[in-house]
Amino acid sequence: MAEAATRGRRAAMPFILITVLIDMMSIGLIIPVLPALVGTFTGSAADQAFWFGAVSFAFGIANFFGSPVLGALSDRFGRRPVLLLGFCGLAFSFFATALAPALWILVAVRLVSGALQANAAVAQSYVADISTPQERAKRFGMLGATFGVGFILGPVTGGLLGDIDLHLPFYVAGGLALLNTLYGVFVLPESLPKANRRPFEWRRANPVSSLRELRALRGVGPLVTVMALGGLAQFTLHSTWVLYTGMKFGWGPRENGWSLFAVGLMSALVQGGLMRQLLKRHTPQKLVRMGLISSSLSYLAWGLAPEGWMMYAVIGLNLLGFTVTAALQSMVSNAADATSQGRTMGSVASLNSLMAVLAPITGAGLLTLVSHRPQGDFLIGLPFYFCALLQAVAAVIAFRHFRRQRSATAAASSAA
């Protein structure tokens, strides 16, 4: 009986990977074209940067408040129904965006979408449900690789479709979200046993309480700050990449689609294959340290790059940077118990959402400051220099935290 249950739990991993793949393909489809769609409602590069920031802010602020609620609901009712709600929210968002006749409607649509969408956090909770603590770093790496494959297929397809019509990627993305809903209804199994469910409590589901509980997890503490700084850098990259490459290199949807294809390919290769080998030789803590240093240097190089092909070279060299997220997630998940994985990963998602709120404001603001500079000017890389600084500070905090942990472990061993 126990053996059959184990086989069932292992079989669930491919199910959630397929779900995440379709989900990330649908999200990736719109990345190369959303800034251009916003640009159809504006008259200048500065206005485009401002309103794209506003659209991104709307999603982030709604997701900041919605993620811990949805995470706690998944602890109460299971992962599957919350995932289905997220897929429906995505489908609505994509179709409504394609049909939006004005900027304020785009902002309103992203608000609703952000409030309903916590798919990444719930998928992480799903993986934690079906994995032992020892398996989690590897399986979060597999999940990250699936995100990467979605970003291989999504952005390049979105770029090609966007060359035909800016609205077409949104219709295709909406269709994929509906397909995922059907897959969830008829195929995806539930991962959370009823014995591990816990009552929903509003006081624990608000973002402030959820972040406070996250920071209180044993051994996590300063890593929350590391995740926050890394998240702010990553979301600043996401919110400015297309605008930056357009301003500096004159790239359009096609070029941006291929560049994001390269990012997804590297993410899939590292987290899907190389991560497993790295974990045999290095601890997750060491991967975090090395990855943060690599990411800091990569952001600096992206900002300084005088030619577009150099962006690809830096993507290829930043191997270790793609290991940081999975390594951090495994440490946080292992610090939480079996009944609070949804709330914990919802708290991580809420933290990321807060950074997603700040990133468009910061990134768009920095780009606006340099939007008058001529094409190719190195100052256009200002958002990336800011990201490099964030990653460097995160690396310092992580180094100090892990050193204190080693000292405390050594002291406890000596006392014993």
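Residues numbered from 1 in each chain as written. Predicted model: local features only at pLDDT ≥ 70, side-chain atom pairs only at ≥ 80, totals over all residues. Heavy atoms only, no water.

(A) Quick look at the packing of aromatic side chains. Applying the stated criterion across every chain yields a total of 8 aromatic pairs. Their ring planes at 45° and their centres at 6.1 Å tell us that Trp-251 and Tyr-312 sit as a pair that is tilted. Here the residue Trp-251 occupies a position in the loop between helix H11 (223-249) and helix H12 (253-281), and Tyr-312 occupies one in helix H14 (residues 309-317), the gap between them amounting to 61 residues. Look at Trp-251 and you get buried, because its relative accessible area is 15%. Accessibility expressed as a relative area gives 33% for Tyr-312, which makes it partly exposed. Relative to Trp-302, the ring of Tyr-299 has its centre 5.6 Å away and its plane inclined at 75°; by these criteria the two rings are edge-to-face. (Phe/Tyr/Trp six-rings, centres within 6.5 Å; stacked < 30°, edge-to-face > 60°. Helix = DSSP H or I, 4+ residues; strand = E, 2+ residues; numbered from the N terminus. Buried < 20%, exposed > 50% of the residue type's maximum accessible area, 1.4 Å probe, protein only.)

(B) Representation of the nonpolar core. Trp-241 and Trp-302 are the most contacted members of the largest nonpolar core, which has 102 residues in total. Among the elements that take part in this core, H11 stands out by supplying 15 residues, more than any other. (Core = buried A, V, L, I, M, F, W, Y, C linked by side-chain atoms within 4.5 Å.)

(C) Fine view of H11. For H11, with 27 residues, the first-to-last C-alpha span of 36 Å sits near the 39 Å given by 1.5 Å per residue. The buried fraction of H11 is high, at 22 of 27 residues. After H11 finishes, the residue Gly-250 shows a positive phi value of roughly 75°. (Expected span 1.5 Å × (residues − 1).)

(D) Spatial organisation of the packing of H12 against H14. Viewed as axis vectors pointing N to C, H12 and H14 meet at an angle of 10°, and their least axial separation amounts to 9 Å. Between H12 and H14, the angle falls in the class roughly parallel. In terms of crossing hand, the pair formed by H12 and H14 is right-handed. Facing H12, whose interface residues are Glu-255, Trp-258, Ser-259, Ala-262, Val-263 and Met-266, H14 presents Tyr-312, Ile-315 and Gly-316. Looking at the contact of H12 with H14 residue by residue, the class counts come to 6 nonpolar, 2 polar and 1 charged. (Axes fitted to C-alpha atoms, helices over the stretch in contact; angles between N-to-C directions. Parallel < 35°, antiparallel > 145°, perpendicular 65-115°, else oblique. Left-handed = near helix turned anticlockwise from the far one by under 90°. Contact = heavy atoms within 4.5 Å. Nonpolar A, V, L, I, M, F, W, Y, C, P; charged D, E, K, R; others polar.)

(E) Just the pattern of salt bridges, in detail. Under the defined criterion, the tally for this structure stands at 3 salt bridges. With a closest N to O distance of 2.7 Å, Asp-129 and Arg-79 form a salt bridge. Here Asp-129, found in helix H6 (residues 119-129), pairs with Arg-79, found in helix H4 (residues 79-99); they are 50 residues apart in sequence, far enough to count as distant. Across this residue pair, the class does not change: Asp-129 and Arg-79 are buried. The partner of Asp-377 in a salt bridge is Arg-373, with the nearest N and O atoms 3.0 Å apart. For Arg-373, a relative accessible area of 31% puts it in the partly exposed group. (Salt bridge = Lys/Arg side-chain N within 4 Å of Asp/Glu carboxyl O.)

(F) Region of the structure containing the packing of helix H13 (residues 284-304) against H14. At their nearest, the axes of H13 and H14 sit 10 Å apart, and the two run at 180° to each other. Here H13 lies roughly antiparallel to H14, going by the angle between them. Contact residues: Ser-294, Ser-298, Ala-301 and Trp-302 in H13; Met-311, Val-314, Ile-315 and Leu-317 in H14.

(G) Representation of a nonpolar patch on the surface within the structure. A cluster of nonpolar residues, Leu-182, Val-185, Phe-186 and Val-187, forms a patch on the protein surface that exposes about 400 Å² of accessible area. Looking at the element boundaries, Leu-182 is found in helix H8 (residues 168-186). (Patch = residues over 30% accessible without salt bridge, like charges linked within 9 Å, V, L, I, M, F, W, Y side chains within 5 Å. Areas by Shrake-Rupley, 256 points an atom, 1.4 Å probe, with all protein chains shown as cover.)

(H) Structural detail: helix H15 (residues 324-335). The end-to-end C-alpha separation of H15 is 17 Å, in line with the 16 Å expected for 12 residues at 1.5 Å each. Of all 12 residues making up H15, 9 are buried, and the element is well covered by its neighbours. Of the residues making up H15, those classed as buried are Val-324, Ala-326, Ala-327, Leu-328, Gln-329, Ser-330, Met-331, Val-332 and Ser-333.

(I) Looking closely at the environment of Phe-261. Positionally, Phe-261 belongs in helix H12. Owing to a relative accessible area of 24%, Phe-261 belongs among the partly exposed residues under this scheme. Distance in space between the C-alpha atoms of Phe-261 and Ser-191 is 31 Å, their sequence separation being 70 residues.

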